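Residue-level structural notes
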Amino acid sequence: MEQLTIKKAEKMSKDDLFQKLNTSAKGLSAKEAKKRLEEMGPNALPEKHISMLIRFFSYFWGPIPWMIEIAAILSLLVKHWTDFFVIFALLLFNAGIGFWQELKASNALDALKAQLALMARILRDGEWKEVEAREIVPGDIVRIKIGDIIPADLKLTEGDYVSVDQAALTGESLPVNKKPDDICYSGTIVKQGEMVGVVSATGADTYFGKTAGLVSTAGTTSHFQKAVIHIGDYLIFLSLGLVSILFFVQLLRGDNVITLIQFALILTVASIPVAMPAVLSITMAVGALVLSKKKVIVSRLEAIEEAAGLDVLCSDKTGTLTQNKLTLGSSVLFKAKDNQELILYASLSSETDTDDAIDLTIVSGMKDKKLLSSFTLKKYIPFDPVRKRTEAILSDANGKEFITTKGATQVIMDLCKVKGKDLDKANEKVEKFASEGYKTLGVASKNTGDDWQFLGILTLFDPPREDSAATIALAKENGITVKMVTGDNLAIARQISSQLGLGTNIQRVDTIFKEDSDIKYPSRKIEQQIEDASGFAEVFPEHKYGIVKALQAGNHITGMTGDGVNDAPALKQADFGIAVSGATDAARAAADLILTTPGLSVIINAVSEARKIFERMNSYAMYRIIETIRIMFFVVLAMMFFNFYPITALLIILLAFFNDVPIMTIAYDNTFLNKNPVKWDMQKVLSISTVLGLIGVIETFGILIIAKEYLQLNLIQIQTFIFLKLAVAGHLTLFVTRTKQPFYKKPFPAPSLLWSAIATKVLATLFVVYPLGLITPISWANVALVWGYCILWIFIEDLVKIAMYRHMEHRGSKNHNRFLAVIKQPTHKHHHIYGGC
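For clarity, every value in this text was computed on a predicted model and none was experimentally measured.

Looking only at helix α3 (residues 30–40), the buried set comprises Ala33, Arg36 and Met40. One face of α3 carries all of its buried residues, which in axial projection span an arc of 65 degrees. For α3, the exposed residues lying more than 90 degrees away from the buried face are Lys31, Lys34, Lys35 and Glu38. In the core, the buried residues of α3 are packed alongside β1 (119–124). Directly after α3, the chain includes Gly41, whose backbone phi takes a positive value near 85 degrees.

Right under this line is the structure:
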């Protein structure tokens, strides 16, 4: 069996292709498919797998490992064997921690990818089945329909037509219509229609696979990652600057050059954020795993961070705010004889082998479903968001051909050219039903060559989900404005919106976006209309894109839900695109978040989790800045003023070890859940961290003076004394930075963080008393003094932290009020302020 190129498959007729692929219109057997899968491999692009050994050794290559390695070599040159072995142990420890964290994050991502697997409908053993797209083999018969991402190269064999968006592969700006005997490329998206095809090539042998081999994609960096990287750069430059000053001062004083270089390297390594990439990756991965357990799949890991700042959520009505469990209500008859005839023609316009809620509800209304089998379906055109109706061409038992259709009532009425009293009656009924929360469907039929006959109106009711009103209220409490987006008419939208407590300021989008250009380039007036609206009715997919653009122009971090192929642009444009339960493959591919269960509550849970992750990262960033300032400034200033090493290179290495172990558990910490959207405030973080860091320097100088002047400790005892002080104070500071409240109040640290910190501090304490000959020990009395001194200062640091938060939040509130006063000025004032732009 061979894979066929596009050109070969195009030239062959359907029958020749079946023969070449040793298949038929009935598909393959499961046994044959399994054999071909083993022979040709999965329908997936080959991934570059790096061996575990190479991944591990990569942690010994780079600027930070080089510094540690040079320090180890220098220790060998001066024959400081203890320093060498401890430095080498630190190198292995850093590599091991980094490797373990990468492996854990990688496993988490693999688990998420498995849940995101693309599915396809194939004919196996004579039955239509849904399988993972990677299990498709050449010769499989595949059914594709609107919203599907085509899973492999296909030659179309059955059906009328499909409209395919292949812009990503060919650059064509408009969808291309495909008919039987045409080729569809793997990775393209079905925009309209439904057809059946035979698979001619899979995996790397597809047109998409060969193109992908020539293209490399670049990933984007989220706002939060950029901020943390800025902090990392700041700390690196600060450390290098201070170390350089120290190096030249001590060199002028006649210090041994090799010893000085070794110490400078070790001090730099201990001060810069070596663990930052690992902490970032594991925090994101842990957050994604937590969300996956809540039936939310993250397709773009960085989106978790973006979700923390979400302040406007545009939510679909059907299935998200409502139950999507339709029931038939009363009918309005026009040309139909009775309700059952109306339901019969609507059922003939429906797919019986589908999971579409509307079709299932209509067919279930038939008292005698056997009637349907007396008609022969010749052609079926499924619903699409543009036509807003389905259509079926059928013949009855006598062979007489006729056409039925059902869809949006206004569309069907226009199709039938309803006018006069019938038009007034229909509009009156539609408005009445809408005011009561009912959705209406028009039904029509015609004999071939005749005019359409308007048969009547069916009503459907989709009640709000039981948890929707409470979830919307919770969203408001958490600073998120929910706006309803629906294709239903204005009256239904207002009815549902009022029931859910969203308000009744529902706008028809055609009154907002009057020109196509308004969607891409919304004016300030349109921005204000959209911001003020409670929701939007009679929405087409392109309007969703315009709504997102307008809200973003108003500086809102915007979330948008969607399920259809035409929702993809809006989901991509949104800061936080959400594919709802049952969404098409195209919508899922464009979204940042994919819901596997219906409802709004899962989205709010995801945002809450994102805010917790933000707080963990915020705590880590502040802790790293404080520790760098505390260690670097203290060591450099102490050496410049007292002309001795306040801590040895060996102890700095051990300090890095004791500090890095507990910090890895911050991904699991309990955090305060902010009731408002959170955004990165670099000024606040740097200001508070710098002040607390400088307090740490003063604090450490204080205990140095106590040790030197009052306890009369010798130099090597002072070094041990200072080591214990820095080790104990480090994680006490972490407990200060992890919350804006007093550190002894809720939320308490997670057990993993608390006990890892306690364990490392106990080990550090035992080490300074029983050092196994590595350093000079100090007494238990000195240990008690250090612990008491550090515990006293943690309360001082905490009081300063609380005072600074209050001061900065008060100042921020005043600035915000000034900003609001400016933007609420009349429009002509804005023109004056900005020079008439």
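Here we come to the pairing of strand β16 (residues 453–461). Taken across its 9 residues, β16 has 7 buried, putting it largely inside the fold. Where strand β10 (residues 327–328) lies against β16, 2 bridges are found, and the strand directions are antiparallel. Of the residues in β16, the one forming a bridge with Thr327 is Phe461. In terms of strand pairing, strand β11 (residues 332–333) meets β16 through 2 bridges, oriented antiparallel. Among the inter-strand pairings, Leu333 is bridged to a residue of β16, identified as Gly456.

Let us look at the sheet that holds strand β21 (residues 576–579). The 8 strands lie next to each other as β8-β22-β21-β20-β9-β17-β19-β18, forming an open sheet whose pairing is mixed. Single-partner strands in this sheet number two, and they are β8 (296–298) and β18 (506–508). Strand-to-strand, the axes of this sheet are offset by a mean angle of 20 degrees, without reference to chain direction. The pairing of β8 with strand β22 (residues 593–595) spans 3 bridges and is antiparallel. Opposite Ile297, over in β22, you have Ile594 as the bridge partner.

About the cut-offs
- Residues numbered from 1 in each chain as written.
- Predicted model: local features only at pLDDT ≥ 70, side-chain atom pairs only at ≥ 80, totals over all residues.
- Heavy atoms only, no water.
- Buried < 20%, exposed > 50% of the residue type's maximum accessible area, 1.4 Å probe, protein only.
- Helix = DSSP H or I, 4+ residues; strand = E, 2+ residues; numbered from the N terminus.
- Arc of directions from axis to C-beta.
- Contact = heavy atoms within 4.5 Å.
- Pairing = 2+ DSSP bridges.
- Axes fitted to C-alpha atoms, helices over the stretch in contact; angles between N-to-C directions.

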